[in-house]
Structures are given as structure tokens and as C-alpha cells.
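Here are the chains, one letter per residue:
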Amino acid sequence: MIRDIKEPAGLDSVKCTVKNICSEAAKYRFRHPASMIIYLNEKQGRSTVAEYITDMFFVHKVMDFSMSRSEFIELDFNGEYKQFNDCMKQVNDAADYTNDDKYSNVLVETGINNLSKHLGEQHVDDYLNHVETMSKTAVLVIFVSENPNSKESQLIDRIKEVLPFANIIKPHEYSVEDYCKVIKEKLCDYGVIVPKNTPLNEIVKKSMNKDKSFNMKDACLIAEELFLGSKLVNGKLKVDVSAINSPKTDRVIGGKS
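Only a predicted model underlies this, so the values are computations on that prediction, with no experimental measurement involved. Counting starts from 1 at the beginning of each chain's written sequence and moves along it residue by residue. Where totals are concerned, whole chains, interfaces and linings use all residues; where local detail is concerned, this predicted model gives features only for residues with pLDDT of at least 70, and gives and counts side-chain atom pairs only at 80 or more. Water and hydrogen atoms play no part in the side-chain values, which are based on all heavy atoms of the structure.

**Considerations on the overall build of the protein**
Selection criterion: Helical segments are the DSSP runs of H or I of at least four residues, strand segments are the runs of E of at least two, and each set is numbered from the N terminus. Per-residue accessibility, obtained with a 1.4 Å probe over protein chains only, is compared with the maximum for each type, and a residue is labelled buried under 20%, exposed over 50%, and partly exposed between these values. Note that accessible areas follow from Shrake-Rupley with a 1.4 Å probe, and for residues the cover is restricted to the protein chains shown.
Scanning the protein from N- to C-terminus turns up 10 helices and 8 strands. Taking all 257 residues of the protein together, the buried fraction comes to 46%. When the accessible surface of the protein is summed, it comes to about 13,800 Å², and 49% of that surface belongs to carbon and sulfur atoms.

**Thoughts on the nonpolar core**
Which entries qualify depends on this criterion: What we call a nonpolar core is a set of buried Ala, Val, Leu, Ile, Met, Phe, Trp, Tyr and Cys residues that are connected through their side-chain atoms within 4.5 Å.
In this structure, Val18, Ile38, Phe57 and Ile183 are the most contacted members of the largest nonpolar core, which totals 44 residues. Every element with two or more residues in this core is listed here: helix 1 (12-23), strand 1 (36-39), helix 2 (46-59), strand 3 (106-110), strand 4 (139-144), helix 7 (176-189), helix 8 (200-210) and helix 9 (216-228). Residues Ala94, Ile142, Val144 and Ala166 belong to the second largest nonpolar core, which totals 28 residues.

**Topic: the environment of isoleucine 193**
Short version of the rule: Should any heavy atoms of two residues lie within 4.5 Å, those residues are considered in contact.
Here isoleucine 193 lies in strand 6 (residues 192-193). Here isoleucine 193 falls in the partly exposed class, since its relative accessible area comes to 34%. It is 7.5 Å that separates the C-alpha atoms of isoleucine 193 and lysine 236, two residues lying 43 residues apart in sequence. Not counting chain neighbours up to four residues away, the residues in contact with isoleucine 193 comprise Lys236, Leu237, Lys238 and Val239.

**What to know about the layout of surface pockets**
As a reminder of what qualifies: Buriedness for pockets is judged along seven lines, at least five of which must meet protein on both sides within 12 Å for an open set on the 1 Å grid over protein atoms alone, while cavities are sets there where a 1.4 Å probe fits but cannot get out, and lining residues have an atom within 4 Å of a point. Grid points are joined across faces, edges and corners, and a volume is the space filled by probe spheres set on the points.
By volume, the largest pocket is sized at about 630 Å³. What lines the largest pocket is a set of 27 residues, and nearest its centre among them are Gln44, Gly45, Arg46, Ser47 and Thr48. Counting residues per element, the ones that place at least two in the lining of the largest pocket are helix 2, strand 2 (72-76), helix 7 and helix 9. When residues in the lining of the largest pocket are grouped by element, the largest group, 7 residues, is from helix 2.

**A short note on unusual backbone geometry**
Unusually for a residue other than glycine, leucine 11 sits at a positive phi of about 50°. For lysine 61, which is not a glycine, the phi torsion comes out positive at approximately 55°. In this structure, lysine 61 sits in the loop between helix 2 and strand 2.

**Concerning the sheet that holds strand 3**
Rule in force here: We treat two strands as partners when DSSP finds at least two bridges between them. Here an axis means a line fitted to C-alpha atoms, over the contact stretch when the element is a helix, while the angle between two N-to-C directions is reported on a 0 to 180 degree scale.
The strand order across the open sheet formed by 5 strands is 2-3-4-1-5, and the pairing between neighbours is parallel. The two strands at the open ends of the sheet, each matched to only one other strand, are strand 2 and strand 5 (167-169). With strand direction ignored, the average angle separating the axes of adjacent strands in the sheet is 15°. Taken together, the 4 bridges between strand 1 and strand 4 define a ladder with parallel strand orientation. In the sheet register, tyrosine 39 faces strand 4, and the bridge partner there is valine 144. Here helix 2 sits on the sheet and contacts strand 1, strand 2, strand 3 and strand 4; the angle it forms with strand 4, its principal contact strand, is near 160°. Running at roughly 155° to strand 3, helix 5 (residues 122-134) makes contact with strand 3 and strand 4 of the sheet.

In C-alpha cells, the structure reads:
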């Protein structure tokens, strides 16, 4: 099976870690790679990173996905005990029955900040036991906040205690060029040509100045707006540069008005 691997924009530390693992694929013939704790905020491309890691491991045969029902499972904890148990059931239902009924692929986990609000409660202890157990058969990719608060830091420290060999991937700040790359890729996916004189850098800079919390989701919204404003020229869709500063585009690109 041939698959097109889309690298996430920026995030060089993530890509470097994954590529190093893939370059030593033979090393993991009898044991999977160490888990990862990635400092990356919500709406900054967590799902894209998870797909990238899984695709790279598949193509380079770092892990054997052939017997699994799911190549990766993404869990998003909301902090409630019932929902936590539902997540655990989801993992159990995807177990690889050729591997002692254990899930053995990539397990992506978010919502750690929600769990941190329940430090000292039973399901946090249950979660840590789950992390320790699952790390023996699966590669855990645990996303945490780039600037964790006190309680989040305490939980992260406890996760590190049960995952002493985890790859710790530190915060990353996206550049204007990173956001522009994502916008261009999205427009390409939509079949839209981006003329060379399209001032994407100016658009992104303007957006970032207006909204200090600008993120990858906002970049995708810019691509969507440019797609909606594109024009058909000689049978091909092109970004309409003249429409970029229209009231509607400015409102969306500015994030808030």
C-alpha cells in the first residue's frame, strides 16, 4: 500500500524525532519505540501530527499494523470518570488478539489538562496505571499544553515517572512561513491556484497582530475564506487577490472584529 505522507508545517523537533526512529526501523523488530510526550497546544495540529507519526511508522515498517483493527486511536479526556472508562473500553475494543489481547499500535491522548483538575482522585491513578500498562505494547503520543499550569505540570511529572524513557518534545512556535505553507497546502487540496503575487505573508502577519491567540485552525479558516472568494479563470480556480481586502475576508482573517 502506497500512501502520501504529509509533513506537518514547522514542528522540526517532532519530525526529527520520528525520522530518527524510522531510520532505525530494524531496531524495533522485537520492541516498539518509546512513547512521546509532545508539548503542543490544542488547535495547533495535534491530529495532523498523530497521522504523520502513524504514516511514517507504517511506511518505514517501524511497527506491524497488519493485525490491528485501528492504526491509531485518538482519545480526548474531558475529566469525567465515566468518559474516562468509555475511553478505556474503546482501547480494549481495538485490542490486537494476536498480542495477548492488548492494543499494540499508536495511542494518541489529549485532554490531559482536564484530567489534571482531578489530581488525588481515583481516575487519575487509574489513568497512570493505564499509561504504564499500555506503554508496554503500544506507542503512546501524549499531547500536553505548551505552558502548563501548576496542576498540569504535576500530572505531566507523574506521567514522566511511569514513562521514564519517553521522548520529550518541547514547545514550538509556528512562524509566518509555517502558517503560509498550511494555507497553500489547503488551497492546493481544494484545487485552487495561488498566484505568486498573493500576499499570504501580509495576511498572516495582519491576522497574528489582530489575534494573539492565532493558531493552525485560524490558518485553515483563512484557506477556506480564500477558497470561497476564488474565481474560475480559463477553467481553473485561482485566488482572487483583489478580493483579499474585502470586508468579509478582513473580518474572517482578522479572527475577531
